[in-house]
Each structure stands twice: as C-alpha cells, then as structure tokens.
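Structural description and commentary
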Amino acid sequence: MVRWRRWAAWVCLAAAWPAHVLGTAPSASAPTSRFAAQVTLEGPIGPAAAEYFDDAAMRATRDGAVVIVLRMDTPGGLAESMRQIVAGMLASRIPVLVLVAPSGARAASAGTYILYAGHIAAMAPATHVGAATPVPVGGRTPLRPAAPGDAPGTAGSAPKPRAEEDAESAKILNDAVAYLRSLAQLRGRNAAWAEQAVRGAATLTATEAARQGVIDFVADDVPDLLAKADGREVRLGDRRLTLHLRGIAVRDYPPDARTRFLGIITNPTVAYLLLLAGLYGLVLEALHPGALLPGIGGGICLLVGMYALQLLPVNYAGLALMGLGLGLLAAEAINPTVGALGVGGLVAFAVGSVMLMDSAVPGYRVNLGVIAGIAVAAAASLAWIVWMVLRTRRTRQGVADPAMAADLGVLLEPVGATGDAWAMVRGERWQVRCATALPAGASVRVVRREGLLLWVEPA
C-alpha cells in the first residue's frame, strides 16, 4: 500500500510539472499562450524611453513572451539613454526583434545603434536609417562628415581645429565607431557601413539596407516581421535559438503612468516652463508673505523641473543667465530704476533660455516660440513698471497740505457756522469746518487743512 501511494504521488507530480521543463511540447490541438510582446518607441530617445523599454522588457519576460518586438521611429537622442536600451537588449533572456515602422519612419542617430543591436533587424518600406555621427553635448562643434578624397584615418576631422577640441572629438568619434562596429560583428551585419554611418553620417533606405546587409529583411508590419523571422536562427547569449513565430499573437506593452509622467516632464519645453513657474512662484511668495499658494506651488514646480533638468543635456551657463535675468527683473520691480536693471535682466533671461538646452541633440531643445512669448510678456511687464514709475513721479504728492487744496467732497451731515461736521473727501471721512451753514449732502471744496481738520466752502 505504501509503495502504491508513492507511485501515485510521482504520477501526480509529473502531471503537474511544466511541459517545457520536461522537454515535451504541447499537442497541436492544445491551446497555447505563446505571444510576442510589442514595445513602441516613438520620438527622441531619452531617459523616459530607456526606462520604458527596461520596464516593458522585464514585464514581457515575466509574462512568458516568446520574443520582444521593438517598433521604432526616432530622430535620435541622448547617448546614455541609447546605451541603456542597447544594454537591456544584449542582456535580454528572449530575442528582441527591431522593426523601423510605419512607412515614413526613421532610425536616425541613436536609432541606428538600437537597430544594429536587435537579434533581428527589419525596416518597413519608405523608411531610412543612418546619420549616426555623435554630437558632443555642451556646445562644441561636431565633426564634419567624411568627404571624398580624405586620407584614411582623417575622415571626420575639422579643418585646423584647436588641439584639445580635436583630440576630444576624435575620442568621441572613435568610441562611437567601435561601439557600432562591435554590435555589427555580434549580429553578423555590415560593419563597414556602420563605420560610414558614424564617420560620414551615411544613410540608407530600407531596400538599400537589406541589400547591403545592414538589416535582415524588409517587413511591412509586425505580423509580416514575425512571419519572415520564423525559422531563423539567432544567437542568445552563448547559445543559438531557432525562432518559431508564425501565427503567434501580439500583445502590446504600453508605458505605465510613471513612465508617461517622466516622458512629459523631460520634454525640454515642459521642464523649462516648470522651472520658470517655480522661480516666479517663489518670487511672488517673497513679495507677498503669507500667500502660501505661490510658495507651495512654486516649490513643487521648481523641484520637479530641477529633477527633469538633471536628466537632460543642460547648459549650466544658460541656467545661470536665466537666474541672473530673473533676479534683475525682480530687482527692477522692487526698486525701479526706470528700466536699467529690467532691460539687462530681460536680455540675460532671453539669452540664457536659448542656451539652456543643447540644440544639437535631436529632439532636445526648448521651443523658440515659447521663449519668445515669455520674453515678450516680460518686456510688456517691464514697460508697464517703467510707465507706472514715470506716472507716479509726475503726479502731485498726496500727503502735503497743497495737495488737498481745491479737492471736492460731500457733507455727510449738516455743518453750522461754528460747529464741525463730517464729510467724504477722496474716499475718506474728514472732519470739516465751514464759515457758512450747509445741509447734509452739499458739495464742498477744500480751502486748507489744519492737522486733521479741513476748512471748506460751498462748491
């Protein structure tokens, strides 16, 4: 009886054990849950895109996806974010199939590296790839593309550059060349053209890329990609795997709320507006202590904007100029100088705003229309302040005795020849005295002031 129970337990355990562990395949009639996880990258490659891919790849692997389909359309982006995505693709436990789609899309700059890193690389018709020359962040001039007739090893060199800049640019260029060539050699793709894409900013259409071995094939869409990739062998780590993808389902993996929020605040224009809102909120709180709302909202906006800026290619000289400009504008509002501080602050603010983001990085620049609109609004505010200052200087003093002479008022009660009464003058209640008796409601004119007593006469 004990032996029978042992055998029954072993049979139950074998029946419950996963089929892929035992090495058995499900029958043709049995339903399967095999699917491809689709991840879509659109727009510039930045911190939000890198975090989105890492999170989606992790969820897809946990859910049991067979492959990850990376559908891409990008003008390029930040090198650090691109390298993070490529590192995730190389470390993936399931194959990553990259498709540049839909028609009219591109895999430019950083997108070229991501395309080369895919286990399978494909492009839709009327798409293009290339222009992978690195752009140094910080305002330095990028290397020029290679020209016909350049001697070997001199492609990409600038005419008579300064020695330090030339050495630094050469290091960046050679590092990018080696990185893309290593990806090409790993995936068995055209390494020579990879170097041309970096040194000479070369580009190819989908058909040309397939003919030159830059991609594996041209695919119209994701189902066509899966059908054409079926039966191909890919290298996954130290082993080789044959893909069986024909007819499998496709499950979309959209970004989560945190990734969407990160994508919004790392938009250079949004980060710029958050920074301004935070600074203006703190200035308003300083000018009106106890208002609370400007200070609380400004502090939140400033912290979120600073978090976004530390993820972006920020020019700190531009940030300093913006701070100086806002400080001068605030000083003009507190202590008017008839425009001297204000004009300097406006110029510093506008120049700093243009310099804030490195405009050479694709997709990472502040919208010039937003900068112009804010500068115009600041100029209008400055003009209003100057106009108010000049108008105040031209008006009469409001506290001296001559200032109230000839002012008109209305009696609030009857006034006699010897008694005093109350009258409304300049919106204030004044004690008045008149040489003649007047009824309540009569109009009077101020003759002179004696302390807090006004002498009036009928108007």
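Structure: above.
All residue numbers refer to positions counted from 1 along the written sequence of the respective chain. With pLDDT at 70 or above as the cut-off, local features in this predicted model cover only qualifying residues; side-chain atom pairs require 80 or more to be listed or tallied, and sums for whole chains, interfaces and linings still use all residues. In computing side-chain properties, one takes all heavy atoms of the structure into account and sets aside hydrogens as well as water.

1. Regarding the side chain of Thr 269
Note that Thr 269 resides in helix H11 (residues 268-287). Categorising residues by exposure relies on relative accessible area from a 1.4 Å probe, with only protein chains included: less than 20% of the type maximum marks a residue as buried, more than 50% marks it as exposed, and the intermediate range marks it as partly exposed. With a relative accessible area of 15%, Thr 269 lands in the buried category. As used in this structure description, the phrase polar contact means that two N or O atoms lie within 3.5 Å; if the pair is within protein, one of them must be able to donate a hydrogen and the other to accept it, and residues adjacent in sequence are counted only when both atoms belong to side chains. Of note is the side chain of Thr 269, whose polar atom sits 3.1 Å from the backbone nitrogen of Asn 367. Whether two residues touch is decided by their heavy atoms; if any such pair falls within 4.5 Å, the residues are in contact. Beyond its immediate chain neighbours, meaning those up to four positions away, Thr 269 contacts Arg 365, Val 366, Asn 367 and Val 370. Put simply, DSSP marks the helices as runs of H or I at least four residues long and the strands as runs of E at least two long, and each gets a number from the N terminus on.

2. Concerning the pairing of strand E9 (residues 233-236)
The alternating pattern of E9 places Val 234 and Leu 236 on a buried face and Glu 233 and Arg 235 on a face that is not buried. At least two DSSP bridges between two strands are needed for those strands to be called paired. Pairing between E9 and strand E10 (residues 239-242): four bridges, direction antiparallel. Its bridge partner being in E10, Leu 236 is matched across the sheet by Arg 239.

3. Some thoughts on the side chain of Asn 190
Examined against the element boundaries, Asn 190 turns out to sit in the loop between helix H6 (163-187) and helix H7 (191-199). At 2.9 Å, the side chain of Asn 190 forms a polar contact with the backbone nitrogen of Trp 193. The contact partners of Asn 190, leaving out residues within four places of it in the chain, are Tyr 116, Ala 184, Gln 212, Gly 213 and Val 214.

4. Section: the nonpolar core
The nonpolar core is taken to be a set of buried Ala, Val, Leu, Ile, Met, Phe, Trp, Tyr and Cys residues, with the residues joined through side-chain atoms within 4.5 Å. Membership of the largest hydrophobic core comes to 55 residues, with the highest contact counts inside it found for Leu 70, Met 89, Tyr 113, Ile 114 and Leu 115. Among residues more than four places away in sequence, those in contact with Ile 114 are Ile 45, Leu 70, Met 72, Met 82, Ile 85, Val 86, Met 89 and Val 98. Leu 309, Met 322, Leu 326 and Phe 349 belong to the second-largest nonpolar core, a separate cluster that totals 23 residues.

5. Looking at the packing of helix H10 (residues 257-265) against helix H12 (residues 293-309)
In a pair of packed helices, the angle between the axes and the distance between the axes together describe the arrangement. Fitting a line to C-alpha atoms yields each axis, with helices limited to the stretch in contact; the angle taken between N-to-C directions then spans 0 to 180 degrees. The contact between H10 and H12 brings their axes to 9 Å, and the two run at 85 degrees. Relative to H12, the element H10 lies roughly perpendicular. Of the residues in H12, those in contact with Arg 258, Phe 261, Leu 262 and Ile 265 of H10 are Val 304, Tyr 307 and Ala 308. For this classification, the nonpolar set comprises Ala, Val, Leu, Ile, Met, Phe, Trp, Tyr, Cys and Pro, the charged set comprises Asp, Glu, Lys and Arg, and every other residue, Gly included, is treated as polar. By residue class, the composition of the contact of H10 with H12 is six nonpolar, no polar and one charged. Working rule for angles: under 35 degrees goes down as roughly parallel, over 145 as roughly antiparallel, 65 to 115 as roughly perpendicular, anything else as oblique.

6. Quick notes on the environment of Leu 274
By secondary structure assignment, the location of Leu 274 is in helix H11. Ignoring any residue separated from it by four or fewer positions in sequence, one finds Leu 274 in contact with Ile 265, Cys 301, Leu 302, Val 304 and Gly 305.

7. Some words on the sheet that holds strand E1 (residues 35-42)
Reading across from one edge, E8-E5-E3-E2-E1-E11 is the order of the six strands in this open sheet, with parallel pairing throughout. The strands lining the two open edges of the sheet, one partner per strand, are strand E8 (217-218) and strand E11 (249-252). Pairing geometry for E1 and strand E2 (residues 67-73), over seven bridges, is parallel. If you follow Gln 38 over to E2, its bridge partner there is Val 69. Packed onto the sheet, helix H3 (residues 47-63) meets E1, E2 and E11 and runs at close to 175 degrees relative to E1.

8. With respect to the packing of H3 against helix H4 (residues 79-90)
Running from N to C, H3 and H4 point in directions that differ by 10 degrees, and their axes come no closer than 8 Å. Regarding the angle of H3 to H4, the classification is roughly parallel. Side by side, H3 and H4 meet where Pro 47, Ala 49, Ala 50, Glu 51, Phe 53 and Asp 54 of the first sit next to Ser 81, Gln 84, Ile 85, Gly 88 and Met 89 of the second. Here the residues of the contact of H3 with H4 sort into six nonpolar, three polar and two charged.

9. Some words on the packing of aromatic side chains
Two aromatic rings from Phe, Tyr or Trp, using only the six-membered ring of Trp, form a pair when their centres are within 6.5 Å; if the ring planes differ by under 30 degrees the pair is stacked, by over 60 it is edge-to-face, and anything between is tilted. Summed over all chains, the structure comprises one aromatic pair. The interplanar angle of 25 degrees and the centroid separation of 6.0 Å between the aromatic rings of Tyr 113 and Tyr 179 together place this pair among those described as stacked. Of this pair, Tyr 113 sits in helix H5 (residues 110-117) while Tyr 179 sits in helix H6; the two residues are 66 residues apart in sequence, bridging distant segments of the chain. Each member of the pair, Tyr 113 together with Tyr 179, is buried.

10. Points about the pattern of salt bridges
Where charged atoms from two side chains of opposite charge approach closely, those side chains can pair. A pairing counts as a salt bridge when a side-chain nitrogen of Lys or Arg comes within 4 Å of a carboxyl oxygen of Asp or Glu. Per the stated rule, a full pass over the model turns up twelve salt bridges. For Arg 189, the salt bridge is made with Asp 216, and the minimal N-O distance between the two is 3.0 Å. Residue Arg 189 is located in the loop between H6 and H7, and its partner Asp 216 is located in the loop between helix H8 (206-211) and E8; the two are separated by 27 residues in the primary sequence. Given a relative accessible area of 8%, Arg 189 falls into the buried group. Close ionic contact of Arg 246 with Asp 230 constitutes a salt bridge, the shortest N to O distance being 3.8 Å. Taken as a pair, Arg 246 in the loop between E10 and E11 and Asp 230 in the loop between helix H9 (222-229) and E9 lie far apart in primary sequence, 16 residues in all. One network of salt bridges, with partners in common, ties together Arg 181, Glu 195 and Arg 199.

11. Concerning unusual backbone geometry
Residue Pro 102 follows Ala 101 across a cis peptide bond; omega there is 0 degrees. The topology assignment puts Pro 102 in the loop between strand E3 (96-100) and strand E4 (106-108). Although it is not a glycine, Ser 109 sits at a positive phi angle of roughly 50 degrees. The topology assignment puts Ser 109 in the loop between E4 and H5. Taking relative accessible area as the criterion, Ser 109 reaches 14% and is therefore assigned buried.

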